[in-house]
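Summary of the model geometry
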Amino acid sequence: MNMHTLMFGWEYPPHHSGGLGVACQGLVRGLMKNGVHVTLVLPHNQGIPEGNMDMRFPTDELCETVQVESLLQPYDTFGEYDARLQITNLPRESGALYGPDLGQAVENFTAMSIAMTKDVRADVVHAHDWMTFEAGRRAANYHGKPFIAHVHATELDRTNFSPNTWIAERERNGLLAADQIIAVSQYTKNLLANHYGIPTDKIRVVHNGHDQKAALTQPLLMTKYGDEKRPLVLFLGRLTVQKNPWQFLEVAKRVHDVSLQVQFVMAGDGGMLSELIDRTCELGLEDSVIFTGKVQGREIDALYKRADCFVMPSLSEPFGLVALEAIAHNTPVIVSKQSGVAEVLDHAFKVDYWDTDMMADCLLTILREKPLADQLKAEAPRILTRLTWKNQASKVSSIYRDIIQS
Amino acid sequence: MNTNTNICFYFQVHQPYRLRDLRITDIGAEQDQTYFDEEKNRAVFRKVAEKCYLPANALMLELVNQYPHFRIAYSLSGVFLDQCEEYGPDVMESFRALARTGKVEFMAETYYHSLSYLKSLPEFCAQVSKHVARIQELFSQTPSIFRNTELIYSNEIAQVVRLMGFKGILAEGADRVLNGRSPNEPFVPPEFRLPKNKEMTIAKFRPLEKKSDDIHVLLKNYRLSDDVAFRFSDKSWVGFPLHADTFTDWLMQTGGNNINLFMDYETFGEHQWADTGIFDFVRALPAIWQERGIHCATPSQVIDNWQSIHENVIDAHTFVSWADMERDLSAWQGNKIQDAALASLFALESAVKASKNPDLLETWRKLSTSDHFYYMCTKYWADGDVHKYFSPYDSPYEAYRRFSHALCDLKLRVEQPKKKQTKSKLKQKSHS
């Protein structure tokens, strides 16, 4: 008989703000390809179910009947709430989706976790990141099934190791309650062991996958992004501490000192935008750095394609799907050693996130040496044939099997 | 009771000059900057000296003195000898002590342990000549046997080396050239003439006085060699633990005229650590061999003693080597960065030589060492791990980053005087 997983997710494309939604979708699709039946519970009704998956979210009726506890620790100010939205991966506009308060949204979701899933006959309960851990734990308890906590990012990654204690506490409780933890990288596994004190034998690593999108007919670039004859270096990600965009500018400065030709594009939105623009001017890079704001879909594809090199300087990156995206577009990449994706990439430069000089040097070498760029372009994408979501989900499915049998 | 089978031991001794963490900002910075990581090179040399060269040489000296029929051969790369001078006079002295026994043969190779054969015949001849002169100077013997870098071999190399004056050359006993035959006899290459211009080039740069009329090829018995070099301490291997008498049984069962055991000298104490018992294993061999009447022969002795009416022809149209599973050139050439690196290096040859600047030439030659290209290897299968094990760098791309910076700077240094010249010429013109 096919296995059945009851999954608690937080976001699902097309409505998503970061890697979590993409990874969740990839995994769900991959599990279904492996013959696993999936019931996915989301906090909002914006996901679009596909295949024979069972997608659920709180209905108005349910909200009325389920008693939601009020938060033990309400937030003081609107600013703090705003800040919390920032650090939890969510774009500002999604606030509406979760009510006036993210913490409250998590509480609502948690409170309804059992009511929404009473009729589900699953073999395992699987929850993605701290927002869903308590919901997953309660449901697992109610159904008497094993609870799997899947870690895509920790509070430490998002905050440069200065965690919000309320979130970190929920995260830790979820991890301790889990029967099995899946980490998206060895890097994250080590972090969970070293900073959360989780025994390593409880954690299994399943790297994220990447599914090649069907080739788009005409990639669309809204603007040309400067002179097409000049080399272009791309950063793509939220402009937050974790993604280390500040470092990208420092690298740009070093490169600029050697070659005025190179152009830099910072694609993405986030709380650091205005200080990054100020810094760009301070460094005298206003003619070389372009801020795109939030980019989507075809424009992202076009940017990856146009770029001569992609740089991911993250401070602490549990995985880093963007690097795989760049590789899928035949773009050479330089990634932070403090990332999960560095574990699966053979054909890339891997540099400590703080090593500005080395990052600039690798970048300039790629731009100067065509054979090097050509080789990175030719060799790097091979990993994608192995890292499909179908393959990665089969690892998750065997984790299910192991835990059901134990 | 004497057997007719001789054991032919050859050990390769080599250390490359590893590159330092050069940066783009170093390019064109100083006239006489070094590209090499002196600290690292010294540290590696001393580590290997303590673990391998010194204890292994002491053991070999003891065995050579004690057993009249124990003989061995070495090939010491020129860059290894240079490092001996810089970092290990004690190691140098221990090799000279071995040479003084008269029972140790030293072979010729390219001074820089280079891939020069693949790119430039004059440079290849020059590097071999330089090596022969160095061996003569240090050990008072003239090599008569040649071994090319990593046993890279082909029909043509054999003829080239014959014309250079050598009577023997070593090669890998790869299955695809043996076609089921035993490697345990001397072979000859197919006879043919080289193009006139090549013959003239060789005659011009010949390291030895006159060409040799014929040449024999000694093939590595890779199964028995690798039993010692790679598998000795492998607990999952059926032969583990390997004892000297068992190994001797295997040698005798194999039979033939000469069993060629060719390996890296670092096998003793570095690849196989002392606590695996590798030194005890070697120490036990000559006693057992003496008891059973088995003699050793150096490569030149094997060839001198070889009397046969018919000769076995070994036909290597394409290159064979002792590297990786493929036993071809793919450890050093084949991916884009390896090919580009070697091509751009040799693109500088004529300019470097025209500069008449000995420092530039020396630096350029040090960059021709095969290890630089080995570190850039990105082959997918299991041998990738071997390359990783031997590489001092994080990745093949790091190897290329450093190498390409070195080359950029070298190019600048070669071109700069020219620029000055043209500038002064221009000045003269404008004055006139």
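Residues numbered from 1 in each chain as written. Chains lettered and ligands numbered in written order. Predicted model: local features only at pLDDT ≥ 70, side-chain atom pairs only at ≥ 80, totals over all residues. Heavy atoms only, no water.

Thoughts on the overall build of chain A
The line we're drawing: Only runs of H or I of at least four residues qualify as helices and only runs of E of at least two qualify as strands under DSSP, and these elements are numbered from the N terminus. A simple rule labels every residue: compare its accessible area, found with a 1.4 Å probe on the protein chains alone, to the largest value its type can have, and call it buried under 20%, exposed over 50%, or partly exposed in between. Here a residue-residue contact requires only that any non-hydrogen atoms of the pair lie within 4.5 Å. Surface accessibility in these figures is a Shrake-Rupley result with a 1.4 Å probe; residues are shielded only by whichever protein chains are displayed.
A count of helices and strands for chain A gives 17 helices and 13 strands. For chain A, the proportion of its 406 residues judged to be buried stands at 60%. Residue pairs in contact within chain A that sit at least 24 positions apart in sequence constitute 69% of those at least 6 positions apart. For chain A, the accessible area works out to roughly 16,600 Å², and carbon and sulfur atoms hold 49% of it.

A short note on the overall build of chain B
Counted only if it meets this: Throughout, radius of gyration means the C-alpha value; the globule benchmark is 2.2 Å times the number of residues raised to the power 0.38. This count recognises Lys and Arg as positive and Asp and Glu as negative, with His and chain-terminal groups excluded. Throughout, a charge is located at the NZ atom of Lys, the CZ atom of Arg, the CG atom of Asp or the CD atom of Glu.
A count of helices and strands for chain B gives 18 helices and 10 strands. Rg of the C-alpha trace for chain B: 23 Å, near the compact-globule value of 22 Å for 432 residues, within the 12% margin. Seen through its C-alpha atoms, chain B measures out along the principal axes to roughly 90 × 50 × 45 Å. Within chain B, the fraction of its 432 residues that count as buried is 59%. When the accessible surface of chain B is split by element, carbon and sulfur atoms take 52% of a total near 18,200 Å². When the 52 basic and 56 acidic side-chain charges of chain B are each reduced to a single mean position, those positions are 8 Å apart.

Looking at the environment of Q25 of chain A
Residue and element names in this part refer to chain A. Among the structural elements, Q25 can be located in helix 1 (residues 19-33). In sequence terms Q25 and T59 are 34 residues apart; their C-alpha atoms lie 22 Å from each other. Residue contacts for Q25: discarding those within four places in its chain leaves Y12, P13 and E50.

Concerning a nonpolar patch on the surface
What counts, and what does not: Note that patches include only residues with greater than 30% relative accessible area and no salt bridge, and the join distances are 9 Å for like charges and 5 Å for nonpolar side chains (Val, Leu, Ile, Met, Phe, Trp, Tyr). What counts as a salt bridge is simple: a side-chain nitrogen of Lys or Arg found within 4 Å of a carboxyl oxygen of Asp or Glu.
Together, V386, Y389 and F390 of chain B give the surface a local cluster of nonpolar side chains, amounting to about 270 Å² of exposed area. Classification of F390 of chain B as partly exposed rests on a relative accessible area of 35%.

What to know about the interface of chain B and chain A
This is how the line gets drawn: By the criterion applied in these results, polar contacts are pairs of N or O atoms within 3.5 Å in which, for protein atoms, one can donate a hydrogen and the other can accept it, and in which residues neighboring in sequence qualify only through two side-chain atoms. Charged residues are taken to be Asp, Glu, Lys and Arg, nonpolar residues to be Ala, Val, Leu, Ile, Met, Phe, Trp, Tyr, Cys and Pro, and polar residues to be all remaining types, Gly included.
The partner chain A presents 23 residues to the 19 residues of chain B that form the contact. Between the two partners, chain B and chain A, sit 12 residue pairs in polar contact (both at pLDDT 80 or more). Only helix 13 (336-347) and helix 18 (396-431) of chain B provide two or more residues apiece to the side of chain B that touches chain A. In terms of residue count, helix 18 of chain B provides more of the side of chain B that touches chain A than any other element does, 7 residues in total. Considered class by class, the residues forming the side of chain B that touches chain A number 9 nonpolar, 4 polar and 6 charged.

Considering the sheet that holds strand 8 (residues 232-236) of chain A
All names here are of chain A. Rules: Strand pairing is assigned whenever DSSP detects at least two bridges linking the two strands. Structural elements are reduced to axes, namely lines fitted to C-alpha atoms, with helices fitted over the stretch in contact, and the angle between N-to-C directions of any two is expressed from 0 to 180 degrees.
Spatial strand order, 10-9-8-11-12-13: 6 strands in an open sheet with parallel pairing. The open sheet has two edge strands with one neighbour each: strand 10 (289-293) and strand 13 (349-351). Across the sheet, the mean angle from the axis of one strand to that of its neighbour is 20°, orientation sign disregarded. The sheet contact formed by strand 12 (residues 333-336) and strand 13 spans 3 bridges and is parallel. What sits directly across from I334, in strand 13, is F349.

Some remarks on the sheet that holds strand 7 (residues 203-205) of chain A
Residue and element names in this part refer to chain A. With respect to topology, 7 strands assemble into an open sheet ordered 3-2-1-4-5-6-7, the strand pairing being parallel. Looking at which strands have only one partner, the edges of the open sheet turn out to be strand 3 (54-56) and strand 7. Averaged over all pairs of adjacent strands, the angle between strand axes in this sheet comes to 20°, irrespective of strand direction. As paired strands, strand 1 (residues 4-8) and strand 4 (residues 124-128) are joined by 4 bridges and run parallel to one another. Its bridge partner lying in strand 4, T5 is registered against V124. Packed on one face of the sheet, helix 6 (residues 130-143) meets strand 1, strand 4 and strand 5 (147-151) and runs near 170° to strand 4. Contacts from helix 17 (residues 389-405) reach strand 1, strand 4, strand 5, strand 6 (180-183) and strand 7 within the one sheet, and its direction differs from that of strand 4 by about 135°.

Looking at the packing of aromatic side chains
Heads up, the condition is: Any two rings among Phe, Tyr and Trp, with Trp reduced to its six-membered ring, count as a pair given centres within 6.5 Å; such a pair is stacked if its planes are under 30 degrees apart, edge-to-face if over 60, and tilted if neither.
The full count for this structure, using the stated rule, is 41 aromatic pairs over all chains. Between the aromatic rings of W10 of chain A and F109 of chain A, the centroid separation amounts to 5.7 Å while the plane-to-plane angle is 80°, which identifies the pairing as edge-to-face. Highlighted residues: W10 of chain A in the loop between strand 1 and helix 1 and F109 of chain A in helix 4 (residues 102-111), separated in sequence by 99 residues. Grouping residues by exposure puts W10 of chain A and F109 of chain A together as buried. Ring centres of F247 of chain B and W250 of chain B lie 6.4 Å apart, and the angle between their planes is 70°; on these two criteria the pair is classed as edge-to-face. Residue F247 of chain B and its partner W250 of chain B are located together in helix 10 (residues 244-254), separated by 3 residues, close to a single helical turn. The class of W250 of chain B is partly exposed, set by a relative accessible area of 24%.

Overview of the environment of I157 of chain B
Residues and elements named next belong to chain B. Looking at the element boundaries, I157 is found in helix 6 (residues 155-164). Residues I157 and R176, spaced 19 residues apart in sequence, show a C-alpha to C-alpha distance of 18 Å. Contact partners of I157, with chain neighbours within four places excluded, come to Y117, N148, I152, I169 and F319.

So, the pattern of salt bridges
Two side chains that carry opposite charge are able to pair once their charged atoms sit near each other. Taken as a whole, this structure holds 52 salt bridges over all chains when the rule is applied. Note that E155 of chain A and R158 of chain A form a salt bridge whose closest N and O atoms lie 3.1 Å from each other. Of this pair, E155 of chain A and R158 of chain A both sit in helix 7 (residues 155-158), 3 residues apart, roughly one helical turn. For the residue pair E155 of chain A and R158 of chain A, the accessibility class agrees, reading buried in each case. Residues D361 of chain A and R401 of chain B are paired through a salt bridge, measuring 2.6 Å at the closest nitrogen-oxygen approach. A residue pair is termed interchain when its members come from two chains, as with D361 of chain A in helix 14 (residues 356-368) and R401 of chain B in helix 18. Of the two residues, D361 of chain A and R401 of chain B, both sit in the buried class. Residues joined by salt bridges that share partners form a network here, namely D361 of chain A together with D21, R23, E398, R401 and R402 of chain B.

Considering the pairing of strand 4 of chain A
All names here are of chain A. Defined as follows: Seen with the strands pointing away from the viewer, any crossover whose path from the first strand over the helix to the second strand runs clockwise is right-handed.
With 5 of 5 residues buried, strand 4 is to be regarded as a mostly interior element. Here strand 4 shows two buried faces, one formed by V124, H126 and H128 and the other by V125 and A127. Inspection of the sheet shows strand 4 paired to strand 5 by 4 bridges, in the parallel sense. Across the sheet, H128 pairs through a bridge with H150, a residue of strand 5. Between the parallel elements strand 4 and strand 5, the chain passes through helix 6 in a crossover that is right-handed.

Points about the domain arrangement of chain B
Residues and elements named next belong to chain B. For the record, the criterion: Bear in mind that the domain bounds are from an automatic or database domain assignment. Here the buried area means the combined drop in accessible surface, using a 1.4 Å probe, for two parts upon being joined, counting both sides.
Entries for chain B in the domain assignment read domain 1 (6-313) and domain 2 (330-431). Domain 1 and domain 2 are separated by 26 Å when their C-alpha centres are compared. In this assembly, 38 residues from domain 1 lie in contact with 36 residues from domain 2. Across the interface of domain 1 and domain 2, roughly 3,100 Å² is buried in total on both sides, 60% from carbon and sulfur atoms. Three residues, L19, Y35 and L115, lead the burial of domain 1 against domain 2; their summed loss comes to 21% of the area buried on that side. Counting every contact that joins domain 1 to domain 2 gives 4 salt bridges. E123 is the partner of K353 in a salt bridge, and the nearest nitrogen-oxygen pair spans 2.6 Å. For the pair domain 1 and domain 2, the interface holds 19 residue pairs in polar contact (both at pLDDT 80 or more). Those elements that provide at least two residues to the side of domain 1 that touches domain 2 are helix 4 (116-119) and helix 5 (121-139). The element best represented in the side of domain 1 that touches domain 2 is helix 5, accounting for 4 residues. The class makeup of the residues in the side of domain 1 that touches domain 2 is 14 nonpolar, 11 polar and 13 charged.

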